[in-house]
Amino acid sequence: MIEYRQLTDDDLPRLRKFWKENWGDEFVVGHGVVYTPDGLDGFVAWDGNDWVGLVTYTFLGEDCEIVSIDSTLEGQGIGTKLMEAVVAEARKKNCRRMFLVTTNDNLNALSFYQKRGFEMVKVNRGAVNESRKIKPSIPLIGMNNIPLRDEIELEINL
Ligand SMILES: CC(C)(COP(=O)(O)OP(=O)(O)OC[C@H]1O[C@@H](n2cnc3c(N)ncnc32)[C@H](O)[C@@H]1OP(=O)(O)O)[C@@H](O)C(=O)NCCC(=O)NCCS
């Protein structure tokens, strides 16, 4: 049985560790912005023993940006539940648009988002090469053995 709850400040040390385990560092970089866990909202999926999913997001005017989304037990509905939780929060705050950035190698994420109504709106060619200057732990070869270099922005109207 998976439980879902909102992140609290007490979760910050665990959140940093989770990002380090899953994204190589205690911060993530997207479209030239460095995101640290402090100040982000989020939801955690908990299996009674450990975190099995995490989504973080932030509000920018009428936009809601998903900063990170992870599931460590894939294909069991955790990612969908986390996404639904953020959409519900964003609607409560009267957001009109939700967006996120993924990378050219992440075919699974591109599929996941598009099947949930997101549309690709921008390709930032070479953006990951720029991020790598800030965060050298970003690999040159990404998922699916694809050279990791571009950012793809997807959005959904709420
Ligand atoms: C993208 C990601 C968050 C999706 O999380 P997830 O927990 O696997 O998502 P879900 O289980 O909700 O959905 C995945 C698939 O499993 C299917 N599924 C859901 N519940 C299921 C169940 N009980 N049994 C079998 N399949 C199920 C879903 O239908 C979905 O398939 P679809 O996309 O064809 O509809 C996850 O793959 C991940 O963490 N990837 C690595 C990190 C990453 O790339 N994050 C995005 C960065 S931009």
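So, here's what we can say about the structure. What you are looking at is a predicted structure, and each value in this text was computed from that prediction instead of being measured. Sequence order as written defines residue numbering, which begins from 1 separately in each chain. Side-chain atom pairs in this predicted model are given and counted only at pLDDT of 80 or more, local residue features only at pLDDT of at least 70, and totals for whole chains, interfaces and linings cover all residues. Side-chain numbers come from the whole structure's heavy atoms, not from hydrogens or water.

A few words on the overall build of the chain. Helix and strand definitions here come from DSSP, where helices need a minimum of 4 consecutive H or I residues and strands a minimum of 2 consecutive E residues; each element is numbered from the N-terminal end. The number of helices and strands found in the chain is four helices and nine strands. Reading the secondary structure of the chain in the N-to-C direction produces β-α-β-β-β-β-β-α-β-α-β-α-β. Computed over its C-alpha atoms, the radius of gyration of the chain comes to 15 Å, within 12% of the 15 Å expected for a compact globule of 158 residues. The dimensions of the chain, computed from C-alpha atoms along their principal axes, are 40 × 35 × 30 Å. Exposure is judged per residue with a 1.4 Å probe applied to protein chains only, and the accessible area is read against the type maximum: over 50% gives exposed, under 20% gives buried, and values in between give partly exposed. Buried positions account for 44% of the 158 residues belonging to the chain. Atoms counted for the radius of gyration: C-alpha only. Globule rule: 2.2 Å times residue count to the power 0.38.

For two strands to count as paired, DSSP must find a minimum of two bridges between them. In this sheet, strand 4 (residues 41–46) lies alongside strand 1 (residues 3–6) in antiparallel orientation, the contact comprising four bridges. By the bridge assignment for strand 4, Tyr4 is matched with Ala45. Sheet topology places strand 4 next to strand 5 (residues 51–60); six bridges connect them, and they run antiparallel. Across the sheet, the residue bridging to Gly42 is Thr56, located in strand 5. Count of turn residues in the strand 4/strand 5 antiparallel hairpin: four residues, of which Gly48 carries a positive phi of about 95°.

Considering the arrangement of structural elements, one finds Asn106 in the loop between strand 7 (97–103) and helix 3 (107–115). Placed 37 residues apart in sequence, Asn106 and Met143 show a C-alpha to C-alpha distance of 5.9 Å.

Now for the sheet that holds strand 5. An order of 1-4-5-6-7-9-8 is seen for the seven strands of this open sheet, with the pairing classed as mixed. A strand with exactly one partner marks an edge of an open sheet, and here the two such strands are strand 1 and strand 8 (119–124). With direction set aside, neighbouring strand axes in the sheet form an average angle of 25°. Contacts are assigned to residue pairs with any non-hydrogen atoms lying within 4.5 Å of each other. Angles here are taken between N-to-C directions and fall from 0 to 180 degrees, while the axes themselves are lines fitted to C-alpha atoms, restricted in helices to the stretch in contact. Those strands touched by helix 1 (residues 12–23) are strand 5 and strand 6 (63–71), and its axis lies near 105° from that of strand 5. Where helix 3 meets the sheet, its contacts fall on strand 6, strand 7, strand 8 and strand 9 (151–157), and the angle it forms with strand 7 comes to roughly 165°.

With that settled, the discussion passes to the pattern of salt bridges. The term salt bridge refers to a side-chain nitrogen of Lys or Arg lying within 4 Å of a carboxyl oxygen of Asp or Glu. Tallying each qualifying case throughout the model produces eleven salt bridges. Salt bridges linked by common partners bring Asp63, Arg97, Lys122, Glu153 and Glu155 together as one network.

Our next topic: unusual backbone geometry. Non-glycine residue Asn94 carries a positive phi angle of around 60°. Structurally, Asn94 is set in the loop between helix 2 (78–92) and strand 7.

Here we take up the pairing of strand 6. Of all nine residues making up strand 6, seven are buried, and the element is well covered by its neighbours. The antiparallel pairing of strand 5 with strand 6 creates a hairpin that spans two residues between the two strands, and Gly61 there sits at a positive phi of about 60°. Pairing of strand 6 with strand 7, which is carried by four bridges, proceeds in the parallel orientation. Looking at strand 7, one finds that Ile66 is bridged to Leu100. We call a crossover right-handed when, viewed with both strands directed away from the observer, the connection leading from the first strand over the helix to the second proceeds clockwise. The handedness of the strand 6 to strand 7 crossover, carried by helix 2, is right-handed.

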